[in-house]
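# Structural overview
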Amino acid sequence: WRITNLVPALFTGNLVFLYKEQLSKLPWMLLAFVLICVTAINIYHHLPPQAWYMVPLGGFLALNLCLNAPSLPKMPFDISYGIYVFHDPIFYTTSKIFTSSFAEMFMVGAPILIALSLLSWFAVEKPALSIKKRTNKPELQHVKSIHQP
């Protein structure tokens, strides 16, 4: 199911990007409500985690919710990249283990995803960003000055 989900996932992401101006007018509480309802229906009816509509519909709602929701308070860490990188392998693995229950797949996968994303932030991303800040490359400054009129 992973390959067949790529097309609707890419299509959904492209649509959200292309129409982000129009979509930004949608009320974020409505998007959150619909996303929670879709997830609850999936859990209530014991549908498999790989339900055909979850990638395009869930992705559409989640992306729009990110566009329209109010800003979150500033946190001392940023796990967004870790969530982006690790969500697919984690939820794919948990969906193979818990094939008949979206709730079990999500309840097991989400804490693993958050923990791995936090580990990635503190062990890899934050140290890499601090190295980037400390590194001052004079040769690049020289190249910049050559190309500026």
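Numbering of residues begins from 1 in every chain and follows the order in which that chain's sequence is written. At least 70 in pLDDT is required for a residue's local features to be given in this predicted model, at least 80 for side-chain atom pairs to be given and counted, and no such filter applies to totals for whole chains, interfaces and linings, which use all residues. No hydrogens and no water enter the side-chain calculation; it runs on all heavy atoms of the structure.

Before going further, it helps to examine the overall build of the chain. If you tally the helices and strands in the chain, you get 7 helices and 0 strands. When its helices and strands are written in sequence order, the chain yields α-α-α-α-α-α-α. Put simply, the chain has 149 residues, and 23% of those count as buried. Here the analysis covers contacts within the chain between residues at least 6 apart in sequence; of these, 72% occur between residues at least 24 apart. As presented, the chain carries roughly 10,900 Å² of accessible surface, and 73% of it is formed by carbon and sulfur atoms. Under the DSSP-based scheme used, a helix requires at least four consecutive residues in state H or I and a strand at least two consecutive residues in state E, with every element numbered from the N terminus. Burial classes follow relative accessibility: with a 1.4 Å probe on protein chains only, a residue under 20% of its type's maximum area counts as buried, one over 50% as exposed, and anything between as partly exposed. Every residue pair with non-hydrogen atoms within 4.5 Å of one another is taken to be in contact. Where accessible areas are quoted, they stem from the Shrake-Rupley method and a 1.4 Å probe; at the residue level, only the protein chains shown are allowed to cover.

Moving on to the packing of aromatic side chains. For this analysis, a ring pair means two rings from Phe, Tyr or Trp (six-membered ring only for Trp) whose centres lie within 6.5 Å, classed as stacked if their planes differ by under 30 degrees, edge-to-face if by over 60, and tilted for the remaining angles. Across all of its chains, the model carries 3 aromatic pairs by this definition. Ring geometry for F91 against F106: centres 6.0 Å apart, planes inclined by 5°, an arrangement best described as stacked. Taken together, the residues span a long stretch of sequence, with F91 in helix 5 (residues 80–97) and F106 in helix 6 (residues 102–134) at a distance of 15 residues. Using a relative accessible area of 38% as the deciding quantity, one classes F106 as partly exposed.

Two elements in contact, helix 5 and helix 6, have axes whose closest approach is 9 Å; the angle formed by their N-to-C orientations is 145°. The handedness of the crossing between helix 5 and helix 6 comes out as right-handed. The residues of helix 6 that touch helix 5, namely those facing Y81, G82, I83, F86, H87, I90, F91, T94 and S95, are M105, F106, V108, G109, A110, I112, L113, L116, S117, S120 and E125. In this description, a line fitted to the C-alpha atoms serves as the axis of each element, helices being fitted only across the stretch in contact, and the angle between N-to-C directions of two axes falls anywhere from 0 to 180 degrees. Note on convention: the crossing is left-handed when the near helix lies turned anticlockwise from the far helix by less than a right angle, right-handed when the turn is clockwise.

A few words on helix 3 (residues 28–44). For helix 3, which comprises 17 residues, the first-to-last C-alpha distance of 24 Å matches the rise-based estimate of 24 Å (1.5 Å per residue) to within 8%. Residues of helix 3 that are buried: L31, A32, L35, V38 and N42. End-on, the buried residues of helix 3 take up no more than an arc of 130°, which puts them together on one face. In helix 3, the exposed residues that point more than 90 degrees away from the buried face are M29, F33, I36 and Y44. Of the residues flanking the end of helix 3, it is H46, one or two places downstream, whose phi is positive at about 55°. In this scheme, a helix's expected span is set at 1.5 Å multiplied by one less than its residue total. Along the arc lie the directions from the helix axis toward the C-beta atoms.

Looking now at the environment of E104. Residue position: E104 is located in helix 6. A sequence separation of 61 residues divides E104 from I43, and the C-alpha atoms of the two residues are 9.0 Å apart.

What follows is about the confidence of the model for the chain. Scored by pLDDT, the chain comes out at a mean of 79, with 81% of its residues at no less than 70. When pLDDT is averaged over each helix and strand of the chain, the minimum, 54, is found for helix 7 (residues 138–147) and the maximum, 90, for helix 6. Within a predicted model, pLDDT stands for the predictor's per-residue confidence, ranging from 0 to 100.

A few words on the side chain of S95. Considering the arrangement of structural elements, one finds S95 in helix 5. Classification of S95 as buried rests on a relative accessible area of 2%. A distance of 2.8 Å separates a polar atom in the side chain of S95 from the backbone oxygen of Y92. What qualifies as a polar contact is a pair of N or O atoms within 3.5 Å, subject to a donor-acceptor requirement within protein and to the restriction that residues adjacent in sequence count only when both atoms come from side chains.

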